[in-house]
Amino acid sequence: MNIQTWEIEDRLRVMGKYFDLDALVARNTDTQAVGKYYRKSDFFYSLVHNRGGKCIHFGLSEDGSHHKDDFLGQARFVGSLLDRPSMNILEVGAGKLFNTRYLAGEFPNCHFTALDLPNRNFLKNRVPSNVELREGDYNDLSIFPENSFDVVFGVETICYAESKERVFKEIYRVLKPGGRLVIFDGYEIKSHEEMTEFERRVSAITWTAMCINPSDHYIGNIRKYLEASFSEVEITDLTRKVKPTLRRIDRISCYYFMHPQLIRFTQKHFPIDANLNGIAGWLLFLTFDGETIHQYCRIVAVK
Ligand SMILES: C[S@@+](CC[C@H](N)C(=O)[O-])C[C@H]1O[C@@H](n2cnc3c(N)ncnc32)[C@H](O)[C@@H]1O
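This one's a predicted model, so the numbers in the text were calculated from it and none came from an experiment. (Residues numbered from 1 in each chain as written. Predicted model: local features only at pLDDT ≥ 70, side-chain atom pairs only at ≥ 80, totals over all residues. Heavy atoms only, no water.)

**A short note on the overall build of the protein chain**
- Helix and strand counts for the protein chain stand at eleven helices and seven strands.
- Over its C-alpha atoms the protein chain spans a radius of gyration of 19 Å, differing by no more than 12% from the 19 Å that the globule rule assigns to 303 residues.
- Projected onto its principal axes, the C-alpha coordinates of the protein chain cover approximately 55 × 40 × 40 Å.
- Among the 303 residues that make up the protein chain, the fraction classed as buried is 55%.
- Roughly 13800 Å² of accessible area belongs to the protein chain as shown, and the carbon and sulfur atoms make up 51% of that amount.
- Taking the average place of the 39 positive charges on the side chains of the protein chain and the average place of its 40 negative ones, the gap between the two points comes to 6 Å. (Helix = DSSP H or I, 4+ residues; strand = E, 2+ residues; numbered from the N terminus. Rg over C-alpha atoms; globule rule 2.2 N^0.38 Å. Buried < 20%, exposed > 50% of the residue type's maximum accessible area, 1.4 Å probe, protein only. Areas by Shrake-Rupley, 256 points an atom, 1.4 Å probe, with all protein chains shown as cover. Lys, Arg positive; Asp, Glu negative; His and termini not counted. Charge placed at Lys NZ, Arg CZ, Asp CG, Glu CD.)

**A short note on the sheet that holds strand 3 (residues 131-135)**
- Spatial ordering of the open sheet is given by 3-2-1-4-5-7-6, a layout of seven strands whose pairing is mixed. Of all strands in the sheet, those with a lone pairing partner are strand 3 and strand 6 (231-237), marking the two edges. Taking the axes of each pair of neighbouring strands and ignoring which way they run, one obtains an average angle of 15° across the sheet.
- Its contacts with the sheet place helix 7 (residues 197-209) against strand 5 (175-188) and strand 7 (294-302), and it is angled at close to 115° to strand 5. (Pairing = 2+ DSSP bridges. Axes fitted to C-alpha atoms, helices over the stretch in contact; angles between N-to-C directions. Contact = heavy atoms within 4.5 Å.)

**Side note on the environment of Val151**
- Mapped onto the secondary structure, Val151 falls in strand 4 (residues 149-155).
- With 63 residues separating them along the chain, Val151 and Asn88 place their C-alpha atoms 6.8 Å apart.
- In contact with Val151, not counting residues within four places along its chain, are Val78, Leu82, Met87, Asn88, Ile89, Leu90, Leu175, Arg180 and Val182.

**Considerations on the pattern of salt bridges**
- Throughout the structure, instances matching the rule amount to 15 salt bridges.
- Between Lys190 and Glu199 there is a salt bridge, with the nearest N and O atoms lying 3.0 Å from each other.
- Under the relative-accessibility criterion, Glu199 is labelled buried at 11%.
- Put simply, Glu227 and Arg223 hold a salt bridge, and the shortest N to O gap is 3.1 Å. (Salt bridge = Lys/Arg side-chain N within 4 Å of Asp/Glu carboxyl O.)

**Section: helix 7**
- Spanning 13 residues, helix 7 covers 18 Å between terminal C-alpha atoms, matching the ideal 18 Å at 1.5 Å per step.
- Those residues of helix 7 that fall on the buried side of the exposure criterion are Glu199, Val202, Ser203, Ala204, Ile205, Thr206, Trp207, Thr208 and Ala209.
- Where helix 7 terminates, the next one or two residues include Cys211, which has phi positive at roughly 60°. (Expected span 1.5 Å × (residues − 1).)

**Topic: helix 11 (residues 272-287)**
- Across its 16 residues, helix 11 extends 23 Å between first and last C-alpha, which sits within 8% of the 22 Å expected from 1.5 Å per residue.
- Buried residues dominate helix 11, accounting for 14 of its 16 residues.

**A word on the nonpolar core**
- Among the nonpolar cores identified, the biggest contains 94 residues, and Phe19, Tyr160, Phe168, Phe257, Ile279 and Tyr296 are the most heavily contacted of them.
- The leading source of residues in this core is helix 11, at seven residues.
- Those residues in contact with Ile279 that lie beyond four places of it in its chain are Met15, Phe19, Leu21, Leu24, Ile205, Ala209 and Phe257. (Core = buried A, V, L, I, M, F, W, Y, C linked by side-chain atoms within 4.5 Å.)

**Structural notes on the site of the ligand**
- Near the ligand lie 22 residues; those nearest to it are His57, Gly93, Asp116, Arg120 and Thr157.
- Asp116 is positioned with one of its side-chain polar atoms (N or O) 2.6 Å from an oxygen atom of the ligand.
- In the model, a nitrogen atom of the ligand is placed 2.8 Å from a nitrogen or oxygen of the Asp137 side chain.
- Notes on the ligand: free accessible area 590 Å², of which the protein chains cover 98%.
- The element best represented in the shell around the ligand is helix 3 (residues 31-49), accounting for three residues.
- When grouped by side-chain class, the residues that make up the shell around the ligand number nine nonpolar, eight polar and five charged. (Near = heavy atom within 4 Å. Polar contact = N/O pair within 3.5 Å; in protein donor to acceptor, adjacent residues only side chain to side chain. Nonpolar A, V, L, I, M, F, W, Y, C, P; charged D, E, K, R; others polar.)

**Side note on the packing of helix 6 (residues 164-174) against helix 8 (residues 219-227)**
- In the contact formed by helix 6 and helix 8, the axes pass within 10 Å of each other and the chain directions differ by 35°. Note that helix 6 runs across helix 8; the crossing there is right-handed. From helix 6, Lys164, Glu165 and Phe168 reach across to helix 8, where they touch Ile222, Tyr225 and Leu226.
- Taken together, the residues that form the contact of helix 6 with helix 8 break down as four nonpolar, no polar and two charged. (Left-handed = near helix turned anticlockwise from the far one by under 90°.)

In short, geometric facts, not functional conclusions.
So, in structure tokens, the structure goes:
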């Protein structure tokens, strides 16, 4: 047993004292449940992850330590593809609009559409005039005509897709010929057949603690789905760059699990969805090792 396995086992033992991990991996993760999870967790994300800010994703750090600016890494990459005026850009799973808001300010001559699930007060956001808000589910993008967008991007959201294959087909349909898909997300490095039973369980606990369905995160399958229609599929491993954010989350989660009174207090006063984030927070730094279980990738593909 290597030191990482030993450490994860030890943490699971502690978590198991306070949370039913078997019930966790069997939890409902359909799109309705995801909407509810975010309604209950938005406050937690703002307070713990982002100190009052609006981003719900990992930072991309260049120098091995976490800076607030790192949260702009994904949007800056999308911006590097916006090379002419009047481009049409769709952000799927836009959350609190951190990425779209930044890009809309940097590219006032481009038009941005941001989509997120209903019942999250999404349409109540105040946005600049070059941003349009739409409520909906990216599993079905029929609210948009085909060949509408030059770029479609999603940051840490396609992991929630009920069928990634279907979402890619939908995005392909709404992209203009030559248009680009950009995704930033976490993936499994090995197929479930290649994983040990322990790796499969740890991975499932990590996903479900964030209300993500534990099946179909193998990066090999993702490439296969994309290459069925897209060309120039480029997958870049950025695990090293998210480690500083994960280390920060790891420390906060460790503090949580080392203080039983705090756990009992939050279990009594905060929704279960928000509490379960502590489990993911205490696993992500170890499982995102880029070698055995998870990796963080940027994917670019052309229609
Ligand atoms: C981890 S947050 C990321 C938010 C934002 N992309 C960011 O970078 O800050 C995931 C977002 O995806 C949204 N989401 C999940 N499933 C979705 C679906 N089927 N359709 C649209 N949005 C979805 C959630 O509501 C949530 O806002």
